[in-house]
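Chain and residue survey
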Amino acid sequence: AQSVTQLGSHVSVSEGALVLLRCNYSSSVPPYLFWYVQYPNQGLQLLLKYTTGATLVKGINGFEAEFKKSETSFHLTKPSAHMSDAAEYFCAVSDNFGNEKLTFGTGTRLTIIP
Amino acid sequence: KAGVTQTPRYLIKTRGQQVTLSCSPISGHRSVSWYQQTPGQGLQFLFEYFSETQRNKGNFPGRFSGRQFSNSRSEMNVSTLELGDSALYLCASTDRPGAGADTQYFGPGTRLTVL
């Protein structure tokens, strides 16, 4: 069974500071990994995904993540936080068995301090 | 293209009632998945439909059911509502089912409150 662990349910950073949201996964097969963002009263929006190929993945809004198989990690980073980044972030994994089921982490709420 | 739409956006029901939620995927998308989001359990997969067939099912009781129509629109039904069914129900669609790596596009959700 696949699983995702997000360390830190709440993260606060100052505006302009580095954002680092942690995600570790467990999977018996090469996983597909995703980061989604959720703003209040909205659905989920894809930030970026890793399937195969380059392990450093760039996404929207200046976010990027690096797939590290040896560490089973897929941490999300952004060099400089903006007030509009305040939201909840979810890491997710799907298998490569051909189904669409996503297994999500518990989420990290990001607060930006002015 | 219009995004995934879900109706209604908000719903209040009482225990024991049943409810039907609707999801219209992005035009051309044939796979629809449903998720339940609660503060305690987080985001949990309910089921996925493709070509009017349920392809995958999460670990939910039989009170939760769904279906998909020939135009790819999907509905989910919850019978005999319990207080614990209060949640945000999210629908997602994708245009290349079976890839596993394809992007799923989420709707805004239906907020169900059970009193």
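Further up the page is the structure itself.
Residues numbered from 1 in each chain as written. Chains lettered and ligands numbered in written order. Predicted model: local features only at pLDDT ≥ 70, side-chain atom pairs only at ≥ 80, totals over all residues. Heavy atoms only, no water.

Examining the nonpolar core
Using the following cut-off: The set of buried Ala, Val, Leu, Ile, Met, Phe, Trp, Tyr and Cys residues whose side-chain atoms join them within 4.5 Å is what this entry labels a nonpolar core. The rule is simple: take the accessible area with a 1.4 Å probe, protein chains only, and divide by the maximum for that residue type; under 20% is buried, over 50% is exposed, in between is partly exposed. Only DSSP runs of H or I reaching four residues or more are called helices, and only runs of E reaching two or more are called strands; each is numbered from the N terminus.
Ranked by size, the top nonpolar core spans 26 residues in total, and within it Trp35(A), Leu48(A), Leu76(A) and Tyr89(A) carry the most contacts. Those elements giving two or more residues to this core turn out to be β2 (10-14), β3 (19-26), β4 (32-38), β5 (44-50), β7 (64-68), β8 (73-78), β9 (87-94) and β11 (108-113) of chain A. Grouped together as the second largest cluster of nonpolar side chains are 21 residues, Leu11(B), Tyr49(B), Phe60(B) and Leu112(B) included.

Overview of the environment of Glu88(A)
All names here are of chain A. Let me state the cut-off plainly: Polar contacts, as used here, are pairs of N or O atoms within 3.5 Å; protein pairs need one atom able to donate a hydrogen and one able to accept it. Residues neighboring in sequence count only if both atoms are side-chain atoms.
Along the chain, Glu-88 falls in strand β9. For the pair Glu-88 and His-10, spaced 78 residues apart in sequence, the C-alpha to C-alpha distance is 8.9 Å. Among the polar contacts made by the side chain of Glu-88, one reaches the side chain of Arg-109 at a distance of 3.0 Å.

A word on the packing of aromatic side chains
For any pair of aromatic rings, the description consists of the separation of the ring centres together with the inter-plane angle of the planes. Quick note on the threshold: Note on aromatic pairs: the rings of Phe, Tyr and Trp (six-membered ring only in Trp) are paired at centre separations within 6.5 Å, and the planes decide the class, stacked below 30 degrees, edge-to-face beyond 60, tilted for the rest.
Evaluation of the coordinates by the stated rule reveals 13 aromatic pairs over all chains. For the ring pair Phe104(A) and Tyr35(B), a centre distance of 5.6 Å and an interplane angle of 85° mean the geometry is edge-to-face. Within this pair, whereas Phe104(A) is found in strand β10 (residues 103-104), its partner Tyr35(B) is found in strand β4 (residues 31-38), the two belonging to separate chains. With relative accessibility at 8%, the residue Phe104(A) sits in the buried group. Overall, the relative accessible area of 0% leaves Tyr35(B) in the buried class. On the basis of an interplanar angle of 70° and a centroid distance of 5.6 Å, the ring pair of Phe47(B) and Tyr49(B) is categorised as edge-to-face. Each member of the pair Phe47(B) and Tyr49(B) is classed as buried.

Thoughts on the sheet that holds β8(A)
Residue and element names in this part refer to chain A. To be explicit about the condition: A pair of strands is labelled paired if DSSP reports no fewer than 2 bridges between them. Only the contacting stretch of a helix is used when fitting its axis, a line to C-alpha atoms as for every element, and angles between N-to-C directions run 0 to 180 degrees.
Read across the sheet, 5 strands follow the order β1-β3-β8-β7-β6 without closing on themselves; strand pairing throughout is antiparallel. Looking along the sheet, the strands with just one partner apiece sit at the ends: β1 (3-7) and β6 (56-58). Between one strand axis and the next, the sheet turns through 20° on average, direction left out of account.

Section: the environment of Lys1(B)
By the secondary structure assignment, Lys1(B) is in the segment before β1 (5-7). Separated by 80 residues in the primary sequence, Lys1(B) and Leu81(B) place their C-alpha atoms 35 Å from one another.

A few points about the state of the cysteines
Here a disulfide denotes one covalent bond, and it connects the sulfur atoms of two cysteines. What counts is decided by this rule: A pair of sulfur atoms, both from cysteines and within 2.5 Å, is called a disulfide here.
Enumeration according to the criterion identifies 2 disulfides over all chains in this entry. Note that Cys23(A) is cross-linked by a disulfide to Cys91(A), the S-S spacing being 2.0 Å. Where Cys23(A) bonds to Cys91(A) through sulfur, the torsion about that S-S bond is close to -60°, and the disulfide is left-handed. Taken together, the positions of Cys23(A) in strand β3 and Cys91(A) in strand β9 put the pair 68 residues apart, joining distant regions of the chain. In terms of burial, Cys23(A) and Cys91(A) fall into one category: buried. Here Cys23(B) is linked by a disulfide to Cys91(B), with a sulfur-sulfur distance of 1.7 Å. Negative torsions about the S-S bond denote left-handed disulfides, and the value of about -55° found for Cys23(B) with Cys91(B) makes this one left-handed.

A look at the pattern of salt bridges
All names here are of chain B. Heads up, the condition is: Any carboxyl oxygen of Asp or Glu that lies within 4 Å of a side-chain nitrogen of Lys or Arg is treated as forming a salt bridge with it.
Summed over all chains, the structure comprises 8 salt bridges over all chains. Between Arg-63 and Glu-82 there is a salt bridge, with its nearest N and O atoms 3.6 Å apart. Note that Arg-63 is positioned in the loop between β6 (53-57) and β7 (64-68) and Glu-82 in the loop between β8 (74-78) and β9 (87-94), a separation of 19 residues in sequence. Under the relative-accessibility criterion, Glu-82 is labelled partly exposed at 42%. Measuring nitrogen to oxygen at the nearest pair gives 3.3 Å for the salt bridge that ties Glu-75 to Arg-73. Connected through shared salt-bridge partners, Arg-63, Glu-82 and Asp-85 make up one network.

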